[in-house]
Amino acid sequence: MSNMVDPLVERIGARIRAERDRRRWTLAELAEESGVSRAMIHRIERGESNPTAVVLGKLSAAFRLSVATLLDPEDTRTERVRRTDSAPLWHDPGTGYTRRQVSAPGFPAEVAEIRLPAGAEVPYPAAAFAFHRQTVWVLDGHLTFHEGDTVHELGAGDAVELGPPAPCVFVNATARECRYAVVLVRDEAP
């Protein structure tokens, strides 16, 4: 077993701590707002635990930020070309889901490439979609997307624009990976 700390996990922890500090929230207050235990938040902030997609969704909802904001460092880069190897690539330890940030911080739209393994299911609370407009575009494979009580069956090339905030579940019920893009823009100020 390696004692190496994943730099992205460390950055996620530091970003969550910075957002909590910016709001002057205690661990208990963030736990109450997000539904994530204080112990888990503490481990994440210390870089000791890689949060799952579900946990990141809950934390982003509590902060009224996108998941991308928690994954991508705030920096002042001015390069317009973002190479594949420099884009943050995050792996969900619970499902094997991977998320690569395509757009850089500061770009008006957040664009991410998602790879959802066969059989994986990733739920997000409705609050994770508040203050955002979002489109999900399937690039390869098949995605069953639950938006509240509505189920969208999406194949390669299909896209769905999300409506008002609702609990959502991304499901790959097939035997092969599904690859899709998420394009998100802020809808209104939190």
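Anything mentioned here points back to the structure above.
What you see is a predicted model, and the numbers here were worked out from it, not measured in a lab.

Q: Requested: an account of the packing of helix H1 (residues 7–23) against helix H4 (residues 53–63), with residues and values cited.
A: Describing two packed helices takes the angle between their axes plus the distance from one axis to the other. Two elements in contact, H1 and H4, have axes separated by 11 Å at closest approach and are oriented at 25°. Put simply, H1 runs roughly parallel to H4. The chirality of how H1 crosses H4 is left-handed. In contact with Ile12, Ile16, Glu19, Arg20 and Arg23 of H1, H4 contributes Leu56, Leu59 and Phe63. Grouping the constituent residues of the contact of H1 with H4 by class yields five nonpolar, no polar and three charged.

Q: Just give me the short version of the sheet that holds strand E9 (residues 168–171), but keep the residues and values in it.
A: Here four strands make up an open sheet; going across it, the order is E4-E9-E6-E7 and the pairing antiparallel. This sheet does not close on itself; its edge strands, each paired only once, are strand E4 (121–124) and strand E7 (150–155). When strand polarity is set aside, the average angle formed by the axes of neighbouring strands in this sheet is 15°.

Q: Please set out the pattern of salt bridges residue by residue, giving values where relevant.
A: On inspection of all chains with the given rule, the structure shows 13 salt bridges. With a closest N to O distance of 3.0 Å, Glu113 and Arg100 form a salt bridge. One end of the pair, Glu113, is in strand E3 (residues 110–116); the other, Arg100, is in strand E2 (residues 98–101), and 13 residues separate them in sequence. The partner of Glu113 in a salt bridge is Arg179, with the nearest N and O atoms 3.0 Å apart. Here the residue Glu113 occupies a position in strand E3, and Arg179 occupies one in strand E10 (residues 178–186), the gap between them amounting to 66 residues. With a relative accessible area of 12%, Glu113 lands in the buried category. Several salt bridges share partner residues, and in doing so they unite Arg100, Glu113, Arg115, Asp140, Glu177 and Arg179 into one network.

Cut-offs used in this document
- Residues numbered from 1 in each chain as written.
- Predicted model: local features only at pLDDT ≥ 70, side-chain atom pairs only at ≥ 80, totals over all residues.
- Heavy atoms only, no water.
- Axes fitted to C-alpha atoms, helices over the stretch in contact; angles between N-to-C directions.
- Helix = DSSP H or I, 4+ residues; strand = E, 2+ residues; numbered from the N terminus.
- Parallel < 35°, antiparallel > 145°, perpendicular 65-115°, else oblique.
- Left-handed = near helix turned anticlockwise from the far one by under 90°.
- Contact = heavy atoms within 4.5 Å.
- Nonpolar A, V, L, I, M, F, W, Y, C, P; charged D, E, K, R; others polar.
- Pairing = 2+ DSSP bridges.
- Salt bridge = Lys/Arg side-chain N within 4 Å of Asp/Glu carboxyl O.
- Buried < 20%, exposed > 50% of the residue type's maximum accessible area, 1.4 Å probe, protein only.

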